[in-house]
Amino acid sequence: MADPHHNARLEAFCDAVFAIALTLLIIDIKVPASEGIGTTHDLWRALGHIGPPIFAFVLSFAVIFITWVNHHRFVRLVNKSSGSFIYANGLLLLTVVFLPFPTALVGEYLATDHAAPAVVIYNAVTAVQAIGWILVSGAALRLARDERAVALIRDTHRTGYFALVVYLLLAVLALWFPLAIAVVTTMLWAYWLTFSLRAE
């Protein structure tokens with residue numbers, strides 16, 4: 001049976017990577033150890049301590065899921081492939097599979113006095129992801145299936161530059177205001193979700 005489109009194998013590979021990255025996020029959510037839990041109150045207090053890891057997990061799940069949805073839609077805009085398009089997708093996937101690491105950092109250190117490096121690295125990774133989108137969309141412009149696809153790809157290209165600047169700025173500001181920047185980062189991904197839904 002022939003591939004339904006020229007990038008079917010690439011899309012299938014990317015889908016598998018997205019699925020694995022989503023699954024890996026949950027590894028750092030640990031059930032509180034029974035040692036030291038003498039009462040129900042102790043368990044509630046211990047569960048409260050895993051609030052930051054759960055926050056980081058939910059945020060990163062949303063980040064990867066939104067990226068997957070946009071990637072799925074984006075691949076449908078092209079009807080050819082090229083080496084530059086495939087390698088640009090590889091960079092995008094690199095940021096996706098790396099995201100569990102800064103997620104674990106944020107979960108471990110967000111509620112401490114040492115949150116800055118975790119939030120800086122988290123936003124730096126999303127900045128690199130923006131570079132991935134810039135390269136993917138730049139390569140896709142030569143592969144677009146029609147004029148409407150070209151217009152949509154150009155929109156993605158411009159949005160990638162906007163995201164790059166914003167996430168780099170957030171990464172720098174996180175050196176001084178990590179908790180505030182974590183909130184802003186969350187709000188920004190809520191915006192990307194709304195933006196993605198409007199694109200449907």
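Predicted model, so just to flag it, every value in this text is computed and none were measured.

The rules behind each value
- Residues numbered from 1 in each chain as written.
- Predicted model: local features only at pLDDT ≥ 70, side-chain atom pairs only at ≥ 80, totals over all residues.
- Heavy atoms only, no water.
- Helix = DSSP H or I, 4+ residues; strand = E, 2+ residues; numbered from the N terminus.
- Buried < 20%, exposed > 50% of the residue type's maximum accessible area, 1.4 Å probe, protein only.
- Contact = heavy atoms within 4.5 Å.
- Areas by Shrake-Rupley, 256 points an atom, 1.4 Å probe, with all protein chains shown as cover.
- Lys, Arg positive; Asp, Glu negative; His and termini not counted.
- Charge placed at Lys NZ, Arg CZ, Asp CG, Glu CD.
- 1 Å grid on protein atoms, 1.4 Å probe; cavity = no way out; pocket = protein on both sides within 12 Å on 5 of 7 lines; lining within 4 Å.
- Points joined across faces, edges and corners; volume = space filled by probe spheres on them.
- Nonpolar A, V, L, I, M, F, W, Y, C, P; charged D, E, K, R; others polar.

Section: the overall build of the chain
- Along the chain, the regular secondary structure elements total eight helices and zero strands.
- Secondary structure elements of the chain occur, N-terminal to C-terminal, as α-α-α-α-α-α-α-α.
- Seen along its three principal axes, the alpha-carbon backbone of the chain occupies a region of about 65 × 40 × 30 Å.
- Classification of the 200 residues of the chain by burial places 42% in the buried group.
- Taking the contacts inside the chain whose residues are at least 6 apart along the sequence as the reference set, 79% of them involve residues at least 24 apart.
- Summed over its atoms, the accessible surface of the chain is roughly 11,100 Å², and 71% of this surface lies on carbon and sulfur atoms.
- Each charge class in the chain can be summarised by its mean position, and for the 12 positive and 12 negative side chains these summaries are 12 Å apart.

Points about empty space enclosed by the protein
- Throughout the structure, instances matching the rule amount to one cavity of 30 Å³ or more.
- Estimates place the volume of the largest cavity at around 50 Å³.
- Elements represented by at least two residues in the lining of the largest cavity include exactly α6 (115–140) and α8 (178–198).
- Ranked by the residues each element gives to the lining of the largest cavity, the list is headed by α6, at three residues.
- Partitioning the lining of the largest cavity into residue classes produces five nonpolar, two polar and no charged.

Quick word on the side chain of Thr 103
- Of note, Thr 103 is situated in helix α5 (residues 100–109).
- In this view, Thr 103 contacts Leu 25, Ala 56, Phe 57, Ser 60 and Tyr 122; residues no more than four positions away in its chain are not counted.

Just distances and angles here, no functional claims.
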